[in-house]
Amino acid sequence: MKIFSGEQIYEADRFTIEKQGITSDALMERAAMQIFNWLHLRMQGAPVKIHLFCGIGNNGGDGIALARHLQEHGYHIAVYVVNYSQARSKDFLINLERLKDRKIWPEFLDSDKHFPEIGREDIVVDAIFGIGLNRPPAPWVVNLMQHLHRSEAFILSVDVPSGLYTNKGIENPDAVVKANFVLSFQAPKLVFFLPETGVYSNQWEILDIGLDQEYLMQTENEYDLIGKNEVLPLYKPREKFAHKGSYGHSLIIGGSRGKIGAVHLAARGCLRVGSGLVTTYVPKCGLTPLQSNLPEAMVINDSDEYYISKIEFDITPKAIAIGVGLGKEKTTIRAFTNFLKANDLPLVVDADALNILSENKTLLKLLPKESVLTPHPKELERLIGTWKDDFEKLKKAKAFSKKYDCVLVIKGAHTITIYEGRGYINSTGNPGMATAGSGDVLTGIITGLIAQGYPSLNAAVFGVYLHGRAGDIAIEETGYQALIASAIADTVGKAYIDLFKMPEVTQQEEPQDETAK
Ligand SMILES: NC(=O)C1=CN([C@@H]2O[C@H](COP(=O)(O)OP(=O)(O)OC[C@H]3O[C@@H](n4cnc5c(N)ncnc54)[C@H](OP(=O)(O)O)[C@@H]3O)[C@@H](O)[C@H]2O)[C@@H](O)CC1
Ligand SMILES: [K+]
């Protein structure tokens, strides 16, 4: 699913109005109607008090128009205009007039003197600021936001939680509404997926307001949200006359005393994702545990008992992972450096191999083209330096990826894969996956996909998706706390099967054939 910038959404707005020959007010009406339908379906006329806090721009206009529909259907509403500026938008004013025509008199708030009382059981509609926020809200508006939070009422934000910018980070964490639910128009917003801003949108849903499809399809976007529809075209089916050699040989180099398990987990992910053959390259101490616990994987031993000291092998893998459980012994750094100098096979670089690269940046130039790097936030910081907010982080990550022609997989709640100036935001996964070895499994999965002939970028995007989906399926049996990394690896098969399951049709989503009634 495409994610658009703020400017692109405004442009889509203009384009739609012109092409469909409608007024901007009609578009606002669609938006308000969609929110109303969403709420009405769930509330079914329940006598819960709904407080609508509306700014003076189009986000506020949406709220004001929504208030009218709610009132027409008998809901118990209270409307407040958060009067932070005199520059009221045209469509806000049109809807304000319509409200007055229906004898609904909003309360105007312009200081923190008289905030209304809100009950815990009430609902708050947050239509204070939308994507038009361009400077910090006034202190009294920040106080109002805090007042909303203190009420503990359910907060439904219109389009975005008020106080979030679409193109930069947060200046003051108190100056953003913490939404229980966000109903966002037409396309998800980047801020929902970034760690600093994502916390303000507990849950979100997209409402289709009929922006022009041609514009949406043809407009080039920088970020995509990756779900099943996006990964299905990447999937490579197996062929009848294939043999294990057809699906590639993966080599996983890593492990050190006490960290052989990391290699095991990567190899396990690699096998489960379908790599035809998997060989591990580990210090001598890894031989017995690997051979006893993962008989499907082959083992090549380093000459050192506990650490990788020289990377030499006489196999020809199709993809190599390096770094899991590797450690940073002097001898290992030397071995890694020499390996990079000699190697030209596709690489997946993780964990200590990333740290060695960060500490010896000249080595980065030795990475083969389209190598995949899978840093978690701390490893990323060591690679690209600090950032002031998530937007700057993405900018720096893109520059880094371009400079070294590598696919950068930034691990997190929503893992973002960066390549050639674009970002692919993963939609699967859950907090249970923040567990030891989860990243090692991912490294193995991506490697196994490259070995099977997936281009690096596809392997990263698809691998991250499968890994997350496996985690989502696995927690159905384990719950968050008890999920362990080997279970993620062992559920990859179910994640594959799930790709081809039709979405369940719930009663509400069944197509309604008006003519059949
Ligand atoms: N595009 C679409 O497809 C559709 C969009 N729709 C809706 O429109 C929303 C965007 O509306 P919007 O552009 O009017 O901006 P909004 O967020 O309401 O802010 C209002 C104005 O406040 C100002 N301002 C900014 N920061 C400020 C501050 N700190 N303190 C004080 N003032 C501040 C700034 O104006 P300025 O003063 O800079 O001229 C800004 O313009 C969008 O989120 C969605 O809900 C739907 O109706 C239908 C289809
Ligand atoms: K809002």
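Since this is a predicted model, take the numbers as computed values, not measurements.

Undergrad: So what exactly am I meant to see when it comes to the overall build of the protein here?
TA: Summing up its helical and strand segments, the protein has 18 helices and 18 strands in all. Along the first, second and third principal axes, the C-alpha set of the protein runs to 85 × 55 × 45 Å. The buried share among the 517 residues of the protein stands at 48%. Pairs at least 24 apart in sequence give 75% of the contacts found in the protein among residues at least 6 apart.

Undergrad: Explanation requested: the pairing of strand β5 (residues 123–127) in the structure shown.
TA: As a general feature of sheets, a regular strand has side chains that alternate between the two faces. β5 sits mainly inside the fold: five of its five residues count as buried. Here β5 shows no split at all, with I123, V125 and A127 on one side and V124 and D126 on the other all buried. Across five bridges, the pairing between strand β2 (residues 49–54) and β5 is parallel. For I50, the partnering residue across the bridge sits in β5 and is I123.

Undergrad: Explanation requested: the site of ligand 1 in the structure shown.
TA: The immediate surroundings of ligand 1 are formed by 32 residues, with G57, N58, N59, G130 and G132 found nearest. Mapped onto the shell around ligand 1, the elements with two or more residues apiece are α1 (6–20), α2 (24–43) and α3 (58–72). Examining the composition of the shell around ligand 1, we find that five residues originate from one element, α3, more than from any other. Here the shell around ligand 1 is composed, by residue class, of 17 nonpolar, 11 polar and four charged.

Undergrad: Mind showing me how you'd approach the domain arrangement of the protein here?
TA: One widely used convention gives an interface's size as the accessible area the parts lose upon coming together. For the protein, the assigned domains are domain 1 (2–221) and domain 2 (249–499). On a C-alpha basis, the centroid separation for the pair domain 1 and domain 2 is 41 Å. Domain 1 puts nine residues into the contact, and the matching count from domain 2 is eight residues. Across the side of domain 1 that touches domain 2, the residue classes tally to three nonpolar, four polar and two charged.

Undergrad: It is not clear to me how the environment of R150 should be interpreted in this structure. Could you clarify?
TA: Tracing the backbone through its elements, the reader meets R150 in helix α5 (residues 139–151). A tally of 10 C-beta atoms within 10 Å means that R150 is categorised as exposed. Separated by 32 residues in sequence, R150 and I118 place their C-alpha atoms 9.1 Å apart.

Undergrad: Explanation requested: the sheet that holds strand β15 (residues 371–373) in the structure shown.
TA: For sheets, the rule is that strands pair by backbone hydrogen bonds, running either parallel or antiparallel. Pairing in this open sheet of 11 strands is mixed, and the strands run β1-β9-β18-β17-β16-β15-β14-β13-β10-β11-β12 from one edge to the other. The open sheet has two edge strands with one neighbour each: β1 (2–3) and β12 (298–301). Of the pairings in the sheet, the one linking strand β16 (residues 406–410) to strand β17 (residues 416–419) comprises three bridges and is antiparallel in character. Looking at β17, one finds that I410 is bridged to I416. Against the sheet, helix α14 (residues 390–403) touches β16, β17 and β18 (422–426), its axis set at about 150° to β16.

Undergrad: How do you make sense of the sheet that holds β5 when you look at a structure like this?
TA: Ordered by their spatial adjacency, seven strands build an open sheet running β4-β3-β2-β5-β6-β7-β8, and the pairing between neighbours is parallel. A single partner strand is all that each edge strand has here, and the edge strands are β4 (107–109) and β8 (204–207). Here the strands of the sheet are splayed against their neighbours by 20° on average, with no regard to which way each runs. Where strand β3 (residues 76–82) lies against β4, three bridges are found, and the strand directions are parallel. When the bridges of β4 are listed, V82 appears paired with L109. Its contacts with the sheet place α3 against β2, β3, β5 and β6 (154–158), and it is angled at close to 155° to β2.

Undergrad: Help me understand the packing of helix α9 (residues 260–272) against helix α15 (residues 438–451), please; the structure alone is not making it clear to me.
TA: The packing of two helices is summarised by the inter-axis angle and the distance between the axes. The interhelical angle for the contact between α9 and α15, taken along N-to-C directions, is 40°, at an axis separation of 7 Å. Relative to α15, the element α9 is oriented oblique. The two elements α9 and α15 cross, and the hand of that crossing is right-handed. Residue-level inspection shows A262, L265, A266, A267, R268, G269 and C270 of α9 in contact with α15, the latter providing D440, V441, L442, T443, G444, I445, T447 and G448. Considering only residue class, the contact of α9 with α15 consists of eight nonpolar, five polar and two charged.

Undergrad: How should helix α13 (residues 377–384) be read in this particular structure?
TA: In an α-helix, one turn spans 3.6 residues; hence positions three or four apart end up facing the same way. Three or more residues of α13 are buried, namely E379, L380, L383 and I384. Looking down the long axis of α13, one finds its buried residues gathered within 115° of arc, a one-sided arrangement. Buried residues along α13 sit in contact with α12 (351–359), α14 and β16. After α13 finishes, the residue G385 shows a positive phi value of roughly 90°.

Undergrad: Would you mind going over unusual backbone geometry with me for this structure?
TA: What is expected of a backbone is that most residues other than glycine have negative phi and most peptide bonds are trans. Located in the positive-phi region is D159, a residue other than glycine, with phi close to 70°. Residue placement: D159 occurs in the loop between β6 and β7 (181–185). Positive phi values are uncommon outside glycine, yet E420 reaches one of about 45°.

Undergrad: How should I be thinking about the environment of F92 in this particular structure?
TA: By the secondary structure assignment, F92 is in helix α4 (residues 90–101). For F92, a count of 26 C-beta atoms within 10 Å gives the class buried. In this structure, the C-alpha to C-alpha distance between F92 and F500, residues 408 residues apart in sequence, is 45 Å. F92 has contacts with I56, G57, N58, G60, G61 and I64, leaving out every residue within four places of it along the chain.

Undergrad: What is the right way to read α14 from this model?
TA: The terminal C-alpha atoms of α14, which comprises 14 residues, lie 20 Å apart, in line with the 20 Å expected from a rise of 1.5 Å per residue. Listed in full, the buried residues belonging to α14 are D390, K393, L394, A397 and S401. Mapping the buried residues of α14 onto a view down its axis gives an arc of 95°, with all of them on the same face. Each element contacted by the buried residues of α14 is listed here: α6 (195–198), α13, β16, β17 and β18. Of the residues one or two after α14, D405 is the one with positive phi, at around 40°.

Undergrad: What is the right way to look at the nonpolar core in this model?
TA: Grouped burial of nonpolar side chains is what soluble globular proteins tend to show. Core analysis: the biggest nonpolar cluster contains 152 residues, and L52, V125, I252 and A266 have the highest contact counts within it. The greatest single-element share of this core, amounting to 10 residues, is contributed by helix α16 (residues 456–478). Shared between two domains, this core holds at least three residues of each, these being domain 1 (2–221) and domain 2 (249–499). Not counting residues up to four positions away in its chain, the partners in contact with L52 are G63, L66, A67, I77, V79, Y80, V125 and A127.

The rules behind each value
- Throughout this document, residue positions are counted from 1 along each chain, in the order its sequence is written.
- Chains and ligands are labelled by the order in which they are written, letters from A for the one and numbers from 1 for the other.
- Whole-chain, interface and lining totals are the exception, using all residues; otherwise, since this is a predicted model, local features are given only for residues with pLDDT of at least 70 and side-chain atom pairs are given and counted only at 80 or more.
- Each helix is a run of H or I in the DSSP string that is no shorter than four residues. Each strand is a run of E no shorter than two, and both are numbered from the N terminus.
- Exposure criterion: with C-beta atoms placed from backbone coordinates, a residue whose C-beta has 20 or more other C-beta atoms within 10 Å is buried, one with 12 or fewer is exposed, and one in between is partly exposed.
- Each residue gets a C-beta atom placed from its backbone, and two residues are in contact if those atoms lie within 7 Å.
- Strands are treated as partners if at least two bridges between them are detected by DSSP.
- Any residue qualifies as near a molecule or strand once its backbone-derived C-beta atom lies within 6 Å of it.
- Here the term charged refers only to Asp, Glu, Lys and Arg, the term nonpolar to Ala, Val, Leu, Ile, Met, Phe, Trp, Tyr, Cys and Pro, and the term polar to all other amino acids, Gly among them.
- Domain segmentation is taken from an automatic or database assignment of domains.
- To obtain each axis, a line is fitted to C-alpha atoms, and for helices this fit is confined to the stretch in contact; angles are then taken between N-to-C directions over 0 to 180 degrees.
- Angles below 35 degrees are treated as roughly parallel, those above 145 as roughly antiparallel, those between 65 and 115 as roughly perpendicular, and all remaining angles as oblique.
- By the definition used in this description, the sense in which the near helix is turned from the far one sets the handedness, with an anticlockwise turn below a right angle giving left-handed and a clockwise turn giving right-handed.
- Within this analysis, the arc is defined by the directions that extend from the helix axis to the C-beta atoms.
- Between the first and last residue of a helix there are one fewer steps than residues, each counted as 1.5 Å, and that sum is the expected span.
- Put simply, a nonpolar core is buried Ala, Val, Leu, Ile, Met, Phe, Trp, Tyr and Cys residues tied into one set by C-beta atoms within 7 Å.

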